[in-house]
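The lines below spell out each chain.
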Amino acid sequence: MIDVNGLVEPLLTQAGVPVYFSYPEQFTDVPAISFYNLSDTAGFRADDSEWAQVARVQVDIWADRAIETGKIGIDVDAIMQRDGWIREYAADLPKQTDDQLFHRTMRFAKEIYY
(Lines give C-alpha, C1' and ligand atoms only; values in the text may rest on other atoms or scores of the structure.)
Protein backbone atom coordinates (compact mmCIF):
# COMPACT_ATOMS: atom_id res chain seq x y z
CA MET A 1 0.00 0.00 0.00
CA ILE A 2 1.14 3.51 -0.83
CA ASP A 3 0.31 6.72 1.08
CA VAL A 4 -1.74 8.52 -1.56
CA ASN A 5 -1.64 11.84 0.31
CA GLY A 6 2.12 11.92 -0.18
CA LEU A 7 1.65 11.50 -3.93
CA VAL A 8 -1.16 14.02 -4.37
CA GLU A 9 0.11 16.98 -2.34
CA PRO A 10 3.13 17.72 -4.57
CA LEU A 11 0.91 17.48 -7.65
CA LEU A 12 -1.60 19.99 -6.31
CA THR A 13 1.09 22.50 -5.35
CA GLN A 14 1.74 22.85 -9.10
CA ALA A 15 -1.52 24.83 -9.32
CA GLY A 16 0.29 27.73 -7.64
CA VAL A 17 -2.05 28.27 -4.68
CA PRO A 18 -1.74 27.15 -1.03
CA VAL A 19 -2.57 23.47 -0.49
CA TYR A 20 -3.96 22.08 2.77
CA PHE A 21 -4.59 18.53 3.93
CA SER A 22 -8.25 17.85 4.72
CA TYR A 23 -9.56 21.39 5.34
CA PRO A 24 -7.96 24.82 5.73
CA GLU A 25 -7.92 25.80 9.39
CA GLN A 26 -8.33 29.44 8.38
CA PHE A 27 -9.48 30.96 5.14
CA THR A 28 -7.16 33.97 5.27
CA ASP A 29 -5.13 32.93 2.23
CA VAL A 30 -7.48 32.26 -0.69
CA PRO A 31 -7.72 30.96 -3.30
CA ALA A 32 -6.70 27.66 -1.74
CA ILE A 33 -6.94 23.92 -2.35
CA SER A 34 -7.68 21.24 0.23
CA PHE A 35 -7.55 17.49 -0.34
CA TYR A 36 -7.79 14.12 1.37
CA ASN A 37 -7.82 10.41 0.58
CA LEU A 38 -11.47 9.58 -0.01
CA SER A 39 -11.01 5.80 -0.33
CA ASP A 40 -8.29 3.26 -0.86
CA THR A 41 -8.95 -0.34 -1.86
CA ALA A 42 -6.96 -3.30 -3.06
CA GLY A 43 -6.48 -3.35 -6.80
CA PHE A 44 -4.85 -5.99 -8.98
CA ARG A 45 -3.79 -9.16 -7.15
CA ALA A 46 -1.69 -12.09 -8.33
CA ASP A 47 0.18 -14.95 -6.66
CA ASP A 48 -1.51 -14.19 -3.32
CA SER A 49 -0.11 -10.65 -3.35
CA GLU A 50 -1.52 -7.21 -3.90
CA TRP A 51 0.16 -5.54 -6.87
CA ALA A 52 -1.92 -2.38 -7.05
CA GLN A 53 -4.37 -0.24 -5.16
CA VAL A 54 -7.31 1.83 -6.36
CA ALA A 55 -7.25 5.26 -4.76
CA ARG A 56 -9.78 8.07 -4.82
CA VAL A 57 -9.03 11.58 -3.63
CA GLN A 58 -11.27 14.51 -2.86
CA VAL A 59 -10.00 17.94 -3.96
CA ASP A 60 -11.76 21.14 -2.90
CA ILE A 61 -11.06 24.59 -4.29
CA TRP A 62 -11.93 27.72 -2.28
CA ALA A 63 -11.94 31.30 -3.61
CA ASP A 64 -13.53 34.74 -3.30
CA ARG A 65 -14.75 34.63 -6.90
CA ALA A 66 -16.41 31.83 -8.86
CA ILE A 67 -14.19 32.45 -11.88
CA GLU A 68 -11.16 31.55 -9.72
CA THR A 69 -12.57 28.16 -8.68
CA GLY A 70 -13.25 27.42 -12.35
CA LYS A 71 -9.77 28.38 -13.54
CA ILE A 72 -8.01 26.54 -10.74
CA GLY A 73 -10.28 23.52 -11.32
CA ILE A 74 -9.18 23.38 -14.96
CA ASP A 75 -5.53 23.56 -13.85
CA VAL A 76 -6.00 20.88 -11.19
CA ASP A 77 -7.73 18.58 -13.68
CA ALA A 78 -4.85 18.93 -16.18
CA ILE A 79 -2.23 18.34 -13.46
CA MET A 80 -3.98 15.24 -12.13
CA GLN A 81 -4.63 13.78 -15.60
CA ARG A 82 -0.96 14.20 -16.55
CA ASP A 83 -0.18 11.93 -13.60
CA GLY A 84 -2.75 9.31 -14.65
CA TRP A 85 -5.66 10.30 -12.41
CA ILE A 86 -9.20 10.18 -13.84
CA ARG A 87 -11.71 12.85 -12.88
CA GLU A 88 -14.84 11.09 -11.62
CA TYR A 89 -16.76 14.12 -10.44
CA ALA A 90 -16.64 17.92 -10.36
CA ALA A 91 -19.28 20.38 -9.17
CA ASP A 92 -19.71 23.89 -7.87
CA LEU A 93 -21.34 23.89 -4.45
CA PRO A 94 -23.88 26.60 -3.67
CA LYS A 95 -23.09 29.34 -1.18
CA GLN A 96 -25.44 29.31 1.80
CA THR A 97 -24.69 32.95 2.73
CA ASP A 98 -23.09 35.91 1.00
CA ASP A 99 -20.15 35.69 3.43
CA GLN A 100 -19.10 32.21 2.33
CA LEU A 101 -16.42 31.47 -0.24
CA PHE A 102 -17.06 29.96 -3.64
CA HIS A 103 -16.36 26.22 -3.50
CA ARG A 104 -15.71 23.66 -6.24
CA THR A 105 -15.35 20.01 -5.31
CA MET A 106 -13.59 17.40 -7.46
CA ARG A 107 -12.89 13.67 -7.16
CA PHE A 108 -10.15 11.73 -8.89
CA ALA A 109 -9.35 8.01 -9.10
CA LYS A 110 -6.25 6.06 -10.07
CA GLU A 111 -5.08 2.46 -9.99
CA ILE A 112 -1.55 2.59 -8.65
CA TYR A 113 0.77 -0.34 -9.37
CA TYR A 114 3.79 -1.16 -7.20
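Residues numbered from 1 in each chain as written. Predicted model: local features only at pLDDT ≥ 70, side-chain atom pairs only at ≥ 80, totals over all residues. Heavy atoms only, no water.

Enquirer: Summarise the environment of Ala 90; cite the residues concerned and give the values.
Expert: In this fold, Ala 90 is placed in strand E6 (residues 86-93). By relative accessible area, Ala 90 is classed as partly exposed at 40%. Counting along the chain gives 11 residues from Ala 90 to Leu 101, while the straight-line C-alpha distance between them is 17 Å. When neighbours within four sequence positions are excluded, Ala 90 is seen to be in contact with Thr 105 and Met 106. (Helix = DSSP H or I, 4+ residues; strand = E, 2+ residues; numbered from the N terminus. Buried < 20%, exposed > 50% of the residue type's maximum accessible area, 1.4 Å probe, protein only. Contact = heavy atoms within 4.5 Å.)

Enquirer: I'd like to hear about the side chain of Asp 60, residue by residue, with values.
Expert: Among the structural elements, Asp 60 can be located in strand E5 (residues 52-63). Put simply, Asp 60 is tucked away with no salt bridge, and the nearest opposite charge, on Arg 107, sits 7.3 Å away. Reaching out from Asp 60, the side chain makes a polar contact with the side chain of His 103 at a distance of 2.8 Å. (Lys, Arg positive; Asp, Glu negative; His and termini not counted. Salt bridge = Lys/Arg side-chain N within 4 Å of Asp/Glu carboxyl O. Polar contact = N/O pair within 3.5 Å; in protein donor to acceptor, adjacent residues only side chain to side chain.)

Enquirer: A description of unusual backbone geometry should follow, citing residues and the corresponding values.
Expert: In this chain, Val 30 is followed by Pro 31 through a cis amide linkage whose omega measures 5°. Checked against the element boundaries, Pro 31 lands in the loop between strand E1 (19-21) and strand E2 (32-42). In this structure, Ser 22 takes a positive phi of about 70° despite not being glycine. Its identity is not glycine, yet Asp 47 carries a phi of approximately 50°, on the positive side.

Enquirer: Break down the nonpolar core for me, citing the residues and quoting the values.
Expert: Residues Leu 12, Ile 33, Val 59, Val 76, Met 80 and Trp 85 are the most contacted members of the largest nonpolar core, which totals 21 residues. Secondary structure elements with two or more residues in this core: helix H1 (4-13), E2, E5, helix H2 (66-82) and strand E7 (102-113). Those residues in contact with Trp 85 that lie beyond four places of it in its chain are Val 4, Val 8, Leu 11, Ala 55, Val 57, Met 80, Phe 108, Ala 109, Lys 110 and Ile 112. (Core = buried A, V, L, I, M, F, W, Y, C linked by side-chain atoms within 4.5 Å.)

Enquirer: Quick one: what's the story with the pattern of salt bridges, residue by residue and with numbers?
Expert: Pairing of side chains with opposite charge becomes possible as their charged atoms draw close. Taken as a whole, this structure holds 5 salt bridges when the rule is applied. Ionic pairing is found between Lys 71 and Asp 75, a salt bridge with its closest N-O pair at 3.0 Å. Taken as a pair, Lys 71 and Asp 75 lie in helix H2 at a separation of 4 residues, close to a single helical turn. A relative accessible area of 52% places Lys 71 in the exposed class. In this structure, the salt-bridge partner of Lys 110 is Asp 83, at a minimum N-O distance of 3.2 Å.

Note that all results are geometric; they support no functional claim without further evidence.
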